[in-house]
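For reference, the chains in residue letters:
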Amino acid sequence: MKEFTVTMALVDFIPVALFAAAAVILMRDLYNKMSKGAFALFAAGTIDVVFAGSMKALYKLLYAAGVCDFTPLSDMFFPVQSVGFLLAGLGMLAMLLHKQKETALSAAAPAAFKGTFLFVGYMVLGLGMMTVVLSVLSKKLKKPWLIVLFVLAWVLMLAMGYLSSRDFAQASMNWIAQGVNIAGQGVFLLGAALAHKNGLAELRLHGGETV
């Protein structure tokens, strides 16, 4: 028997909101550095992550309130979130490695397959690419201390991903997972906000040209 409370479900919306805020900051700052294809990948990926988190929190809320036990909302969380992180990572990596122009980068979007191991790989790879790119951008901003924040967010997000993939029945474990999730998204938002404050929007890439 799952031990969800209404309070727990509402708290589950907090990390979703934190990640959404960080994603908006990054989308605004990186828009002029990405081709339409790369930006589409990054935007679609972050939207996927927000959507997956919102549906998981909604599932908990409906269950805790005694409305229904609509498990598809919960079952979709890990696959959709993992693919979302992969798409976002591909978009950021494309921005960093290639001088941006109109490309067919959207063709890199992966097909959805079944299997937890595959989605774990998507999540690790996507978050890894995002962390590497954000660390490189931090170095270009001459703010290497920002790397610590993004690496810490990466570690916490991976821990959150692992905990989220487990079907814990105990309320205590769900609270631990939520705490890790909030901490990870909070650190990610802090890193994005500080990067913005230190000139991420004005940063020039690829030989000094804005792309």
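Please read all numbers here as calculations on a predicted model, not as lab measurements.

> Help me understand the overall build of the protein, please; the structure alone is not making it clear to me.
A tally of regular secondary structure across the protein gives eight helices and zero strands. Starting at the N terminus, the α and β elements of the protein follow one another as α-α-α-α-α-α-α-α. With 211 residues in all, the protein has 46% of them scored as buried. Considering only residue pairs separated by 6 or more positions, the protein has 82% of its internal contacts joining residues 24 or more positions apart.

> When you look at the pattern of salt bridges in this model, what are you seeing that I'm missing?
Side chains that differ in sign of charge can pair as their charged atoms come close. Under the criterion given, the structure shown has one salt bridge. Of the charged contacts, one joins Asp-12 and Lys-60 as a salt bridge, the two residues approaching to 3.6 Å between their closest N and O atoms. Of the two residues, Asp-12 is situated in the loop between helix H1 (6–11) and helix H2 (13–30) and Lys-60 in helix H3 (residues 36–64); the sequence distance between them amounts to 48 residues.

> I keep staring at the packing of aromatic side chains and nothing clicks. Help me out?
The geometry of an aromatic ring pair is captured by the separation of the ring centres together with the interplanar angle, meaning the angle of the planes. Summed over the entire model, instances satisfying the criterion amount to five aromatic pairs. Geometrically, the ring pair formed by Tyr-31 and Phe-39 is edge-to-face, given 4.9 Å between the ring centres and 90° between the ring planes. Centroid distance Phe-150 to Phe-188: 6.4 Å. Interplanar angle 70°. Geometry classified as edge-to-face. Of this pair, Phe-150 sits in helix H7 (residues 145–165) while Phe-188 sits in helix H8 (residues 171–197), and the two are 38 residues apart along the sequence.

> When you look at the nonpolar core in this model, what are you seeing that I'm missing?
Within soluble globular proteins, side chains that are nonpolar tend to cluster in buried spots. Counting 52 residues, the largest nonpolar core has Leu-137 and Phe-188 as the members making the most contacts within it. When residues of this core are traced back to their parent elements, those giving at least two are H2, H3, helix H5 (77–97), helix H6 (116–140), H7 and H8. Ranked by residues supplied to this core, first place goes to H5 with eleven residues. Excluding residues within four positions of it along the chain, Leu-137 makes contact with Leu-30, Met-95, Leu-200, Leu-203 and Leu-205.

What counts and what doesn't
Residues numbered from 1 in each chain as written. Predicted model: local features only at pLDDT ≥ 70, side-chain atom pairs only at ≥ 80, totals over all residues. Heavy atoms only, no water. Helix = DSSP H or I, 4+ residues; strand = E, 2+ residues; numbered from the N terminus. Buried < 20%, exposed > 50% of the residue type's maximum accessible area, 1.4 Å probe, protein only. Contact = heavy atoms within 4.5 Å. Salt bridge = Lys/Arg side-chain N within 4 Å of Asp/Glu carboxyl O. Phe/Tyr/Trp six-rings, centres within 6.5 Å; stacked < 30°, edge-to-face > 60°. Core = buried A, V, L, I, M, F, W, Y, C linked by side-chain atoms within 4.5 Å.

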